[in-house]
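# Breakdown of the fold
Chain by chain, the residues:
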Amino acid sequence: MTYGTVIGVKERCEIDMDDTSYDQTINRALAYADGVIDTMFAAIGKTVPTAVPQIIKDAACDLAAYYMLRIKEPEKAQIFYEHGIMLVNQYIDAQYRKGTVIRGTTGQVYSDE
């Protein structure tokens, strides 16, 4: 099960909800988003909670939208990427407030210790 939803990605990418021709690509994009999020949590020795918080679900949709738009609309895609990373960092900061957190738009890792 992915953190985000096909519907959430379609909303961000302005794809008609009845258009299923993108669903397979969206599912790959959601798998990409899950990998990014899992890596961010792993960087602080944690995993995403079993009951996935809404902020993580939203971040996954943003990161998947980035994946979908990165070639044809790179500026719009970058906005989704930065927002998704920011949401994950906000959650990590609020829940754990310590350790290593991924920051920045290129995924640099900085240590707070």
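The preceding data block contains the structure.
Let me begin by describing the structure that accompanies this report. (Residues numbered from 1 in each chain as written. Predicted model: local features only at pLDDT ≥ 70, side-chain atom pairs only at ≥ 80, totals over all residues. Heavy atoms only, no water.)

### Describing helix α2 (residues 23–42)
A turn of α-helix holds 3.6 residues, and therefore any two residues three or four places apart point the same way. What counts, and what does not: Helix numbers and strand numbers start at the N terminus; a helix is a DSSP run of H or I with at least 4 residues, a strand a run of E with at least 2. A helix is expected to span 1.5 Å for every residue after the first. Accessible area is worked out with a 1.4 Å probe on protein chains only. A residue is then buried under 20% of its type maximum, exposed over 50%, and partly exposed in between. Picture the helix axis, draw a direction to every C-beta atom, and the arc is the one those directions span.
Relative to the 28 Å expected for 20 residues at 1.5 Å per residue, α2 spans 28 Å between its end C-alpha atoms, a close match to the ideal helical length. Every buried residue of α2 is listed here: D23, I26, A29, L30, A33, D34, V36, I37, M40 and F41. The buried residues of α2 occupy one face: seen down the axis, they fall within an arc of 165°. Turned more than 90 degrees off the buried face of α2, the exposed positions are Q24 and A42.

### Notes on the pattern of salt bridges
Side chains that differ in sign of charge can pair as their charged atoms come close. The cut-off we apply is this: By definition, a salt bridge exists where a carboxyl oxygen of Asp or Glu is found within 4 Å of a side-chain nitrogen of Lys or Arg.
Tallying each qualifying case throughout the model produces three salt bridges. Put simply, R12 and D62 hold a salt bridge, and the shortest N to O gap is 2.5 Å. Separated by 50 residues along the polypeptide, R12 in helix α1 (residues 6–13) and D62 in helix α3 (residues 54–69) bring together distant segments of the chain. A salt bridge links K76 to E14, with the nearest nitrogen and oxygen atoms 3.6 Å apart. Here E14 lies in the loop between α1 and α2 and K76 lies in helix α4 (residues 74–96), a separation of 62 residues in the sequence.

### Things to note about the packing of α2 against α4
When two helices pack together, their arrangement is captured by the angle between the axes and the distance separating the axes. The cut-off we apply is this: Where helices are involved, their axes are fitted lines through C-alpha atoms of the stretch in contact, as for all axes, and angles between N-to-C directions lie from 0 to 180°. Working rule for handedness: look at the near helix, and if it is turned counterclockwise from the far one by less than a right angle, call the crossing left-handed; if clockwise, right-handed. In this description, contact between two residues means that some pair of their heavy atoms is separated by no more than 4.5 Å. Each residue gets one of three labels, nonpolar for Ala, Val, Leu, Ile, Met, Phe, Trp, Tyr, Cys and Pro, charged for Asp, Glu, Lys and Arg, and polar for the others, Gly among them.
At a minimum axis distance of 11 Å, the contact between α2 and α4 shows a crossing angle of 35°. Crossing of α2 against α4: the hand is right-handed. Between α2 and α4, the contacting residues are Y32, V36, I37, M40 and F41 on the first element and Y81, I85, V88, N89, Y91, I92 and Y96 on the second. Looking at side-chain class alone, the contact of α2 with α4 contains 11 nonpolar, one polar and no charged residues.

### Let's talk about the packing of α3 against α4
This is how it is decided: Reported orientations rely on four angle classes, namely roughly parallel under 35 degrees, roughly antiparallel over 145, roughly perpendicular from 65 to 115, and oblique for the rest.
α4 packs onto α3 with a crossing angle of 155° between their chain directions and a minimal axis gap of 8 Å. The angle between the axes of α3 and α4 places the two elements in the roughly antiparallel class. The crossing of α3 and α4 is left-handed. Counted by class, the contact of α3 with α4 contains 15 nonpolar, four polar and three charged residues.

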